[in-house]
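Chain residues, written in single-letter form:
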Amino acid sequence: MTSYDFNADWTVGPQVSVFNKLMGPSAAQPVTLPHDALISQERSASHRGGGAFFPSAAFEYRKTVEVPAEWRDRAVWLRFDGVYRDAVVFVNDALAGHCANGYVPFDIDVSPFLRYGQENAIRVEARTHDDSRWYAGAGIYRDVVLEVRDLIHIEPGTAHISATDIDDDRAVVDARTTVVNRTNETRTVRARLTVTDRDGVVVASADDPVTVIAGGSIAVRSRGFLESPHRWDIDDPYLYRATVELVDDDVVIGEETTDLGIRTLQLDPRRGLRLNGKTVKLRGTCLHHDNGILGTACFADTEMRKIRLLKEAGFTAVRSAHNMMSTAMLRACDRLGMIVMDEVYDVWTVQKSSFDSSVNFLESWRHDVSAMVRRDRNHASVVFYSIGNEIPETGNAHGGRISREMADLIRELDPARYVTNGINGFVSVLDDVIALMASGAFGGGAEQKESGGVNDVMSSSADGMNQLNRSELVTAKTEESFAALDVAGLNYGDARYAMDAERFPNRVIVGSETYPGRIGSNWPLVQELPHVIGDFTWTGWDYLGEVGIGRPRWEGEDLRLEAAYPWLTAWCGDIDITGRRRPASYFREIVFGLRTDPYITVRNPLTRERTQLTGTWSWADAESTWSWDVEDGAAMTVEVYAPGDEVELWIGDRSLGRRPSGRAVDFTASFEVPFGAEDLTAVSYAEGVETGRSTLRAVRGEAAVRIRPEQTSTALAPGALLFVPIEIQDDAGTVVTHVDRTIEVSVSGAAELLAFGSARPDNGEGFSSDAHRSFGGRVLAVLRPTGVGSITVEARAAGLGIDSIELEVTA
């Protein structure tokens, strides 16, 4: 088998009907995949806030490829990792395949449609509408590969290589494939399994004959034995390399290769989740699939960077929200040691958006679930399959039946992992809730109904949500849906953690989605209760769409969930869309017990006098900066997150005294401080002993543009990118957050500027130009290598000078 990167030399333009083509060809532009066709479209207040005010649209991708005559005796496949959505693939204007789900990887045998020894036209149509509750993007946003296989080959998607029967002395490597014979004669080949360690040394192997009748297929199983296996773990993600080859007369005619992580899993309500025999509590986050200023375009380096930064922030697990992860993300989790809960659906049969996948759920769910499991079961990081998110049907008998059918299919395909479902008790009894709302429950009556929407109610009162979740109504209506699962996923249901230990003693629970502001009270519960295995906050990384759900709310303001145009992001992530950690991230790190130094934040002086309402997805209107556009001596509120029981704050060489830090839940000490040019230093104490200190530096000297690349070189490879933050800094390198300017960037040499922008949540600018206004003194440029050689990056802003830097692309 030969694989070809099929991402280059495409064009994209609007998809129009055959009749409209009579008016002339539509405008098309050259692109290299992965590509999000929607992110460059014009936003408008007339579009949905859930979709970040982007329009509905349909797109057409085209590519011409020369097909050699010798491929006539081969099987040629196109492998798409994801096309959003309702992908229709044509080869030479003949329909070759279709995939409705925008997140499902799919393979198309294009052999019957090819013209050998000639140029061939590939056309892919994709569209997006009101079909998602967040920004979904559009187009061929994940990788495409062209595979040329022998007529006797391993059927795409059937390879399953895993380690079973594991102990300290040895592990059994079990390789299962389906071999297809498309010739007109019965053939015998050999299936050869080879496992190598990190150094390339063969540590297990098998070699077996396989006979396949003409035009038929056969399931093949090979087993090898590996001595003293090195376990894959969160802190030591060791991976072997496993390959199954088909060999005919000593010639390799096909192969499948995958990373192999060897680990054991155990689960029970008394010892929780055990990985390699050791109980682990999952420090988790939910994660949408977009990549900020790149839109939904998915690259190997975006996924690797995202998982690396999330791990550095203290997370050990991610839940895909609410769709199948990319293959690139799964590989990153394998290699960096991140536990995965991969989720297949946000809707089943009950509609949440006007054009969502509920309309074809009954016809497609077996295909979608099978595609997810057949791919995921080769990834050591995947521990859970989630069959849904906040599905209303989980509160009735038919939903319980569907839950069992989906769970059983998953267990049939992969009995080694666990099935869960993010069940929200509020949503499961939604019809009853609507009646309660009409009677004035949740603080509202007619006023609440005017604010409209399920998420509006959810955002108004976390305590009200908990009161409902612990009710007998929710208990009874969700019992069967929970019974179908290995792990009960509770969305915003922490009130059930303790009570379910008595009511359902065999139930293992995970906080599959939780409010960020409740981590101080939730995490002690996770640690204390053995049947609760982790917490997945909403959310670890900010995302496009569901605009403004995490914005600060003020007394007297409209409490509706989403903000008005031009809001762009949800603004509820621990990390913003450019990859910078926000204050909530450091607070969480302290709660997790991973940080000993205090963390200093300063309330926004423009809002410090206003009463901030207790939000559900919001955080304090504060930043870790001593750079503000206020007069010297202005009153400022400084809040210090600290792991000890007391905090002392110094301004220059003057102590403002010690304050309790509320170690039990809020881990925060508050001080009133006059603004000035002296640094702030916080010192934390536990029982009188210093545990750590940190300093917030004041701005000194002139501000200037500074380029601060995350790396200075990269190898030329599919999915390679360079991330180049640009900041407005003083002479000492302190970011001048109160000075924002339009920054212009130019890139020359062996790379192109792929995207440029800031993390501003109410951003009205796009990300496809070479100029963008900074936010908090920062912007991010993303570069894609175009060849081997040097790159020159230059940045400038009016009154802030020019900076330049050299980067390198290696072979």
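Calculation criteria
- Residues numbered from 1 in each chain as written.
- Predicted model: local features only at pLDDT ≥ 70, side-chain atom pairs only at ≥ 80, totals over all residues.
- Heavy atoms only, no water.
- Helix = DSSP H or I, 4+ residues; strand = E, 2+ residues; numbered from the N terminus.
- Rg over C-alpha atoms; globule rule 2.2 N^0.38 Å.
- Contact = heavy atoms within 4.5 Å.
- Areas by Shrake-Rupley, 256 points an atom, 1.4 Å probe, with all protein chains shown as cover.
- Pairing = 2+ DSSP bridges.
- Axes fitted to C-alpha atoms, helices over the stretch in contact; angles between N-to-C directions.
- 1 Å grid on protein atoms, 1.4 Å probe; cavity = no way out; pocket = protein on both sides within 12 Å on 5 of 7 lines; lining within 4 Å.
- Points joined across faces, edges and corners; volume = space filled by probe spheres on them.
- Disulfide = S-S within 2.5 Å.
- Core = buried A, V, L, I, M, F, W, Y, C linked by side-chain atoms within 4.5 Å.
- Buried < 20%, exposed > 50% of the residue type's maximum accessible area, 1.4 Å probe, protein only.
- Right-handed = clockwise from strand over helix to strand, strands pointing away.
- pLDDT = per-residue confidence, 0-100.
- Phe/Tyr/Trp six-rings, centres within 6.5 Å; stacked < 30°, edge-to-face > 60°.
- Polar contact = N/O pair within 3.5 Å; in protein donor to acceptor, adjacent residues only side chain to side chain.

**Side note on the overall build of the protein chain**
1) Next: When its secondary structure is counted, the protein chain shows 13 helices and 46 strands.
2) Next: Relative to the compact-globule value of 28 Å for 811 residues, the protein chain shows a C-alpha radius of gyration of 27 Å, a close match.
3) Next: Over its C-alpha atoms, taken along the principal directions, the protein chain stretches across nearly 90 × 65 × 60 Å.
4) Next: Contacts spanning at least 24 positions in sequence make up 70% of the contacts within the protein chain whose residues lie at least 6 apart.
5) Next: Counting every atom, the protein chain has about 31300 Å² of accessible surface; 48% of that belongs to carbon and sulfur.

**Side note on the sheet that holds strand β17 (residues 240-248)**
1) Next: The strand order across the open sheet built from four strands is β15-β14-β17-β18, with neighbouring strands paired in antiparallel fashion. Looking at strand neighbours, the two that pair on one side only are β15 (202-212) and β18 (251-260), the edges of this open sheet. Strand-to-strand twist of the sheet, defined as the mean angle between neighbouring strand axes without regard to direction, takes the value 15°.
2) Next: Here seven bridges tie strand β14 (residues 187-196) to β17, and the two strands are oriented antiparallel to one another. Paired with Arg-190 across the two strands is Val-247, which belongs to β17.

**Re empty space enclosed by the protein**
1) Next: Within the structure shown, the criterion is met by seven cavities of 30 Å³ or more.
2) Next: One number sums up the size of the largest cavity: a volume of about 210 Å³.

**Let's talk about the sheet that holds strand β23 (residues 317-320)**
1) Next: Strand order in this closed barrel of eight strands is β22-β23-β24-β25-β26-β27-β28-β29, and the pairing throughout is parallel. The mean angle between the axes of side-by-side strands here comes to 25°, regardless of whether they run parallel or antiparallel.

**Overview of the state of the cysteines**
1) Next: With the rule as written, the count across this model stands at zero disulfides.
2) Next: Here Cys-99 is not disulfide-linked; the sulfur of Cys-298 is the nearest cysteine sulfur, at 16 Å.
3) Next: The thiol of Cys-298 is not disulfide-bonded; the next cysteine sulfur, from Cys-333, is found 11 Å away.

**Considerations on the nonpolar core**
1) Next: Tyr-61, Phe-80 and Met-406 are the most contacted members of the largest nonpolar core, which totals 125 residues.
2) Next: Residues contacting Met-406, with those up to four places away along its chain left out, are Val-344, Tyr-345, Trp-348, Phe-361, Trp-365, Val-369 and Ile-387.
3) Next: Residues Leu-239, Ala-317, Ala-380 and Phe-384 belong to the second largest nonpolar core, which totals 40 residues.

**Points about the pairing of strand β22 (residues 282-287)**
1) Next: For β22, the buried fraction is high: five of the six residues fall into the buried class.
2) Next: Where β22 lies against strand β29 (residues 532-537), four bridges are found, and the strand directions are parallel. Residue pairing in the sheet places Gly-284 in a bridge with Phe-536 of β29.
3) Next: Taking the sense of rotation as the criterion, the β-α-β connection linking β22, helix α1 (residues 300-312) and β23 turns out right-handed.

**Focus: the confidence of the model for the protein chain**
1) Next: Summary statistics for the protein chain give a mean pLDDT of 94 and a share of 96% for residues scoring 70 or more.
2) Next: Long-range and interchain partners of residues 444-452, a stretch whose pLDDT sits below 50, account for nine contacts in this model, where long-range means more than four residues apart.

**Some points on the packing of aromatic side chains**
1) Next: Following the criterion strictly, the structure yields 23 aromatic pairs and no others.
2) Next: Consider the rings of Phe-80 and Phe-106, whose centres lie 4.9 Å apart with planes at 15°: the pair is stacked. Placement of the pair is Phe-80 in strand β5 (residues 74-80) and Phe-106 in strand β8 (residues 106-109), with a sequence separation of 26 residues. The two residues Phe-80 and Phe-106 agree in class, both being buried.

**What to know about the environment of Thr-625**
1) Next: Of note, Thr-625 is situated in the loop between β31 (622-623) and β32 (635-641).
2) Next: Residue Thr-625 is classed as buried on the basis of its relative accessible area of 7%.
3) Next: Distance from Thr-625 to Thr-734, taken between C-alpha atoms, is 9.2 Å for residues 109 residues apart in sequence.
4) Next: Those residues within four positions of Thr-625 in sequence are excluded, and the remaining contacts are Val-602, Leu-696 and Thr-737.

**So, the side chain of Ser-512**
1) Next: Its place among the elements puts Ser-512 in strand β28 (residues 509-514).
2) Next: Overall, the relative accessible area of 1% leaves Ser-512 in the buried class.
3) Next: In this structure the side chain of Ser-512 is engaged in a polar contact, spanning 3.1 Å, whose partner is the backbone nitrogen of Leu-490.
4) Next: Ser-512 has contacts with Cys-286, Arg-319, Gly-422, Ile-423, Gly-489, Leu-490, Asn-491 and Phe-536, leaving out every residue within four places of it along the chain.

**Side note on unusual backbone geometry**
1) Next: The residue after Trp-538, namely Thr-539, is reached through a cis peptide bond having omega 0°.
2) Next: The topology assignment puts Thr-539 in the loop between β29 and α13 (583-591).
3) Next: The peptide bond linking Tyr-565 to Pro-566 adopts the cis configuration, its omega dihedral lying at 15°.
4) Next: Among the secondary structure elements, Pro-566 is positioned in the loop between β29 and α13.
5) Next: The residue Asp-250 is not glycine, and still its phi comes out positive at about 65°.
6) Next: Inspection of the secondary structure assignment puts Asp-250 in the loop between β17 and β18.
7) Next: A relative accessible area of 73% places Asp-250 in the exposed class.
8) Next: At Glu-390, a residue that is not glycine, the phi angle is positive and equals roughly 50°.
9) Next: By the secondary structure assignment, Glu-390 is in the loop between β25 (382-389) and α4 (397-413).

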